[in-house]
Amino acid sequence: MARAGFGLTLPLQSFVPIEAATAVKEQVTPPLFLNASFPDAVNPVLHALGLPVFCGIGNVALLAASLRQALNLGPAARVQVLGHHWHLYPPGPGVPEALAWLDGVPLTGVAAMLQRQRATPRAELNQVNGLTTAQLLIGIVTGQKMQVSVPGPGGLAGGYPVTIEGRSIATDLPEAWPLDRAKALNARWAREDGVEVFEDGSVLFSEKCRNAVCGHLPEMATPVSAALLVEVRARLLTLREQLRRQV
């Protein structure tokens, strides 16, 4: 994992959401499905498989909450964040930082404002995720119109600012950032995280990830169909047990 990057976990992270989304799809009146399991990459897998997903929780929502706290903003302030799971940690050299806007004006110093969050233990950050998720769920249930940032809206890869009202969700990007431009940037961040999911449902693990596991799992050296991730998961679990026995 240390050599491969977090993207290696996608086959493991996607297993339960695929089962849950399949059950949701079978309902006469489907509930909204919000996925908490690596939504930046899992939600586009669900979309490619024709499974319903409303959005994810955490990740870019946590970035937005951290920026609001750093700026001491009230609830009326509109914060838009374009970012990725990758940005829970400081991006590497040459990799763009998450982008943010306050009431339509680009924010500078995003990295400095996220420094405190990035230094906080993940167990404590889970409490912040719990709060932001509760606020999101309350808004959905009560039919509020919300301008928030969430991962994987409608099955997109990465995190985007969105407008949510009832059961509808739509991206809410600044005029200078058409959706295609935002998707391309999130694709770059996805590669840094170790895995990119394409709109045709193919999954490509990064070169770093492939180099770490190709000796054990040669099938990961080339793009994998989203429909085959369950098989890759089984191979990963077998490999994990083999490696544990070597310790």
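Here goes a summary of the coordinates provided. (Residues numbered from 1 in each chain as written. Predicted model: local features only at pLDDT ≥ 70, side-chain atom pairs only at ≥ 80, totals over all residues. Heavy atoms only, no water.)

**What about the overall build of the protein?**
- Counting secondary structure elements, the protein contains nine helices and 11 strands.
- Computed over its C-alpha atoms, the radius of gyration of the protein comes to 18 Å, within 12% of the 18 Å expected for a compact globule of 247 residues.
- Classification of the 247 residues of the protein by burial places 47% in the buried group.
- Partitioning the intrachain contacts of the protein with sequence separation of at least 6 by distance along the chain shows that 57% fall at a separation of at least 24.
- Here the protein displays about 12,300 Å² of accessible surface, and carbon together with sulfur accounts for 57% of that area. (Helix = DSSP H or I, 4+ residues; strand = E, 2+ residues; numbered from the N terminus. Rg over C-alpha atoms; globule rule 2.2 N^0.38 Å. Buried < 20%, exposed > 50% of the residue type's maximum accessible area, 1.4 Å probe, protein only. Contact = heavy atoms within 4.5 Å. Areas by Shrake-Rupley, 256 points an atom, 1.4 Å probe, with all protein chains shown as cover.)

**Side note on the sheet that holds strand E3 (residues 79-82)**
- Taking strand neighbours across the sheet as the criterion, the three strands line up as E3-E4-E5 in an open arrangement whose pairing is antiparallel. Looking along the sheet, the strands with just one partner apiece sit at the ends: E3 and strand E5 (105-106). (Pairing = 2+ DSSP bridges.)

**Some words on the environment of glutamine 144**
- Summarising the element assignment, glutamine 144 is placed in the loop between helix H6 (122-141) and strand E6 (145-151).
- Glutamine 144 gets classed as partly exposed once you look at its relative accessible area, which sits at 40%.
- Along the primary structure glutamine 144 and isoleucine 164 are separated by 20 residues, whereas in three dimensions their C-alpha atoms are 7.8 Å apart.
- Ignoring anything within four residues of it in the chain, the contact list for glutamine 144 reads Ile138, Gly139, Ile164, Glu165 and Gly166.
- Here the side chain of glutamine 144 touches threonine 142 through a polar contact of 3.1 Å, side chain to side chain. (Polar contact = N/O pair within 3.5 Å; in protein donor to acceptor, adjacent residues only side chain to side chain.)

**Side note on the environment of leucine 114**
- For leucine 114, the position within the fold is in helix H5 (residues 110-118).
- Between the alpha carbons of leucine 114 and glutamate 199 there is a distance of 30 Å; along the sequence they are 85 residues apart.
- Apart from the residues within four sequence positions on either side, leucine 114 is in contact with Leu63, Ser66, Leu67 and Glu97.

**Details of the pattern of salt bridges**
- Under the criterion given, the structure shown has six salt bridges.
- Across the salt bridge formed by arginine 118 and glutamate 97, the nearest N and O atoms sit 2.8 Å from each other. Note that arginine 118 is positioned in helix H5 and glutamate 97 in the loop between E3 and strand E4 (99-102), a separation of 21 residues in sequence.
- Between glutamate 219 and arginine 235 there is a salt bridge, with the nearest N and O atoms lying 2.8 Å from each other. Of the two residues, glutamate 219 sits in the loop between helix H8 (207-213) and strand E11 (224-225) while arginine 235 sits in helix H9 (residues 229-246), which places them 16 residues apart along the sequence.
- Exposure remark for glutamate 219: the relative accessible area of 28% places this residue in the partly exposed category. (Salt bridge = Lys/Arg side-chain N within 4 Å of Asp/Glu carboxyl O.)

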